[in-house]
Amino acid sequence: MRIRVNFKSGHRQTFIVPKTMLATDFRNLAEKIGGKIDNIEFSLANNHIGLYDSELQEPLISPE
């Protein structure tokens, strides 16, 4: 999973993190590397993006 961290210093860093890594462990690692964290952005892998861009081809409820 790709995670982009924006630090309070203005520096930005993108990390590739295994899905099994705990969020607290990642946060501690990121703070050791870049300092205080301003915000974190998560991105989906390319093969998952299509799920959000696709249109529904059939209605969810069929007419009675």
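Residues numbered from 1 in each chain as written. Predicted model: local features only at pLDDT ≥ 70, side-chain atom pairs only at ≥ 80, totals over all residues. Heavy atoms only, no water.

A cluster of nonpolar residues, Met-1, Ile-40 and Phe-42, forms a patch on the protein surface that exposes about 300 Å² of accessible area. Residue Ile-40 is classed as partly exposed on the basis of its relative accessible area of 31%. (Patch = residues over 30% accessible without salt bridge, like charges linked within 9 Å, V, L, I, M, F, W, Y side chains within 5 Å. Areas by Shrake-Rupley, 256 points an atom, 1.4 Å probe, with all protein chains shown as cover. Salt bridge = Lys/Arg side-chain N within 4 Å of Asp/Glu carboxyl O. Buried < 20%, exposed > 50% of the residue type's maximum accessible area, 1.4 Å probe, protein only.)

In spatial order, the strands read β2-β1-β3; together these 3 strands make up an open sheet with antiparallel pairing. Looking along the sheet, the strands with just one partner apiece sit at the ends: β2 (12–16) and β3 (37–43). Here the average twist between neighbouring strands, direction ignored, is 20°. Here strand β1 (residues 2–7) pairs with β3 via 6 bridges, running antiparallel. Among the inter-strand pairings, Asn-6 is bridged to a residue of β3, identified as Asn-39. Docked against the sheet, helix α1 (residues 23–34) engages β1, β2 and β3, running at close to 50° with respect to β1. (Pairing = 2+ DSSP bridges. Helix = DSSP H or I, 4+ residues; strand = E, 2+ residues; numbered from the N terminus. Axes fitted to C-alpha atoms, helices over the stretch in contact; angles between N-to-C directions. Contact = heavy atoms within 4.5 Å.)

Here we come to the packing of aromatic side chains. Within the structure shown, the criterion is met by 1 aromatic pair. Here Phe-15 and Phe-26 contribute two aromatic rings whose centre-to-centre distance is 5.2 Å and whose plane-to-plane angle is 85°, an arrangement assigned as edge-to-face. Linking Phe-15 in strand β2 with Phe-26 in helix α1, this pair joins segments that are 11 residues apart in sequence. The pair Phe-15 / Phe-26 is uniform in exposure class, with both members buried. (Phe/Tyr/Trp six-rings, centres within 6.5 Å; stacked < 30°, edge-to-face > 60°.)

Our focus in this paragraph is the confidence of the model for the protein. Averaged over the protein, the pLDDT score is 78; the fraction of residues at 70 or greater is 67%. Every residue in residues 49–54 scores below 50 in pLDDT, and together they form 2 contacts with partners more than four places removed in sequence or on other chains. The low-confidence segment residues 56–60, where pLDDT is below 50, has 0 contacts with residues more than four positions distant or belonging to other chains. (pLDDT = per-residue confidence, 0-100.)

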